[in-house]
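# Observations on chain architecture
What follows is each chain in one-letter form.
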Amino acid sequence: SKPSLEISPQNGAVINESLVKIKLAFDKEVNLDTVKINKEEIKDLLSTIDNKAFTAAINLSDGNKNLEVTASDFAKNRLVSSSSFVVDANPAVISLVSPKFGTAQKYTFDVSVETDNDASCKFSFDNNFEFEFMEPFTATGSTAHTIAGFKKIASGDTSIHKLNIRCKDHRGFSFKSFDISV
């Protein structure tokens, strides 16, 4: 019969430190074929004494992680299993995706912002408000945040404005201000 596997961190776990303890507990002896985090092979970082329990402590950056395991027992029964978890050791890092370098081509444009962790973001234009008084993004809550059809810069205005963004995640609030212009 196929081996069974318990993976730690468990599916859906939120880890609030960068050093993540990984444990693979099989019910019988196995050979690990692949162990990947977000498609990057980490099998060589795991240690075992009995070929049933494999452990490692790995420094991981903040973000959504998918740990994928492929193993076989000595009778060649193959097991594929995975666990998706979140590393959230630091406040969210906010980056502007578009307009590129903060410069739009037209006076109506989409604003796209990314965070390294799932977060809920809001914005204010030129004024810096507290989170609850800011305007919501059209789409937010994951790592991608969009303001569709942004048109707060008046036609003909070529000056630089401040787009202030606050995001709330498990760790609290993060703030970033970007210069934007047309």
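Higher on the page you've got the structure.
## A closer look at the state of the cysteines
With the rule as written, the count across this model stands at one disulfide. Between the sulfur atoms of Cys121 and its disulfide partner Cys167 the distance amounts to 2.0 Å. Its S-S torsion of about 110° marks the bond between Cys121 and Cys167 as right-handed, since a negative value means left-handed. Placement of the pair is Cys121 in strand β11 (residues 120-125) and Cys167 in strand β14 (residues 161-169), with a sequence separation of 46 residues. Assigned by exposure class, Cys121 and Cys167 land together as buried.

## Considering unusual backbone geometry
The residue after Ser8, namely Pro9, is reached through a cis peptide bond having omega 5°. Note on placement: Pro9 falls in the loop between β1 (5-8) and β2 (14-15). Here the residue pair Ser98 and Pro99 is connected by a cis peptide bond, since its omega of 5° sits within 30 degrees of zero. Mapped onto the secondary structure, Pro99 falls in the loop between β9 (94-98) and β10 (109-115). Of note in this structure, Asn38 is not a glycine but carries a positive phi near 50°. Along the polypeptide, Asn38 turns up in the loop between β4 (30-37) and β5 (40-41). Residue Asn38 is classed as partly exposed on the basis of its relative accessible area, which comes to 38%. Its identity is not glycine, yet Phe101 carries a phi of approximately 55°, on the positive side. Mapped onto the elements, Phe101 comes out in the loop between β9 and β10.

## What to know about the sheet that holds β1
Read across the sheet, three strands follow the order β1-β3-β6 without closing on themselves; strand pairing throughout is antiparallel. Each edge of the open sheet carries a strand with a single partner, namely β1 and β6 (53-59). Averaged over all pairs of adjacent strands, the angle between strand axes in this sheet comes to 10°, irrespective of strand direction. Judged from the seven bridges that link them, strand β3 (residues 19-26) and β6 form a sheet pairing that is antiparallel. Of the residues in β6, the one forming a bridge with Ala25 is Ala53.

## Remarks on the pattern of salt bridges
Counted by the stated rule, this structure contains three salt bridges. Measuring nitrogen to oxygen at the nearest pair gives 3.1 Å for the salt bridge that ties Lys152 to Glu135. Pair noted here: Lys152 is in the loop between β13 (144-150) and β14 and Glu135 is in strand β12 (residues 135-136), with a separation of 17 residues, a long-range link.

## A short note on the side chain of Lys122
Note on placement: Lys122 falls in strand β11. In this structure, Lys122 is in contact with Phe131, Glu132, Met134, Glu135, Pro136, Phe137, Asn164, Ile165 and Arg166, ignoring residues within four places of it in sequence.

## Observations regarding the sheet that holds strand β15 (residues 172-180)
Pairing is antiparallel across the open sheet formed by four strands, whose spatial order is β12-β11-β14-β15. Either end of the sheet is taken by a strand with one partner, and the two such strands are β12 and β15. Pairing of β11 with β14 involves six bridges; the strand directions are antiparallel. Residue Ser124 lies in a different strand from β14, and its bridge partner there is Asn164.

Cut-off values and rules
- Residues numbered from 1 in each chain as written.
- Predicted model: local features only at pLDDT ≥ 70, side-chain atom pairs only at ≥ 80, totals over all residues.
- Heavy atoms only, no water.
- Disulfide = S-S within 2.5 Å.
- Helix = DSSP H or I, 4+ residues; strand = E, 2+ residues; numbered from the N terminus.
- Buried < 20%, exposed > 50% of the residue type's maximum accessible area, 1.4 Å probe, protein only.
- Pairing = 2+ DSSP bridges.
- Axes fitted to C-alpha atoms, helices over the stretch in contact; angles between N-to-C directions.
- Salt bridge = Lys/Arg side-chain N within 4 Å of Asp/Glu carboxyl O.
- Contact = heavy atoms within 4.5 Å.

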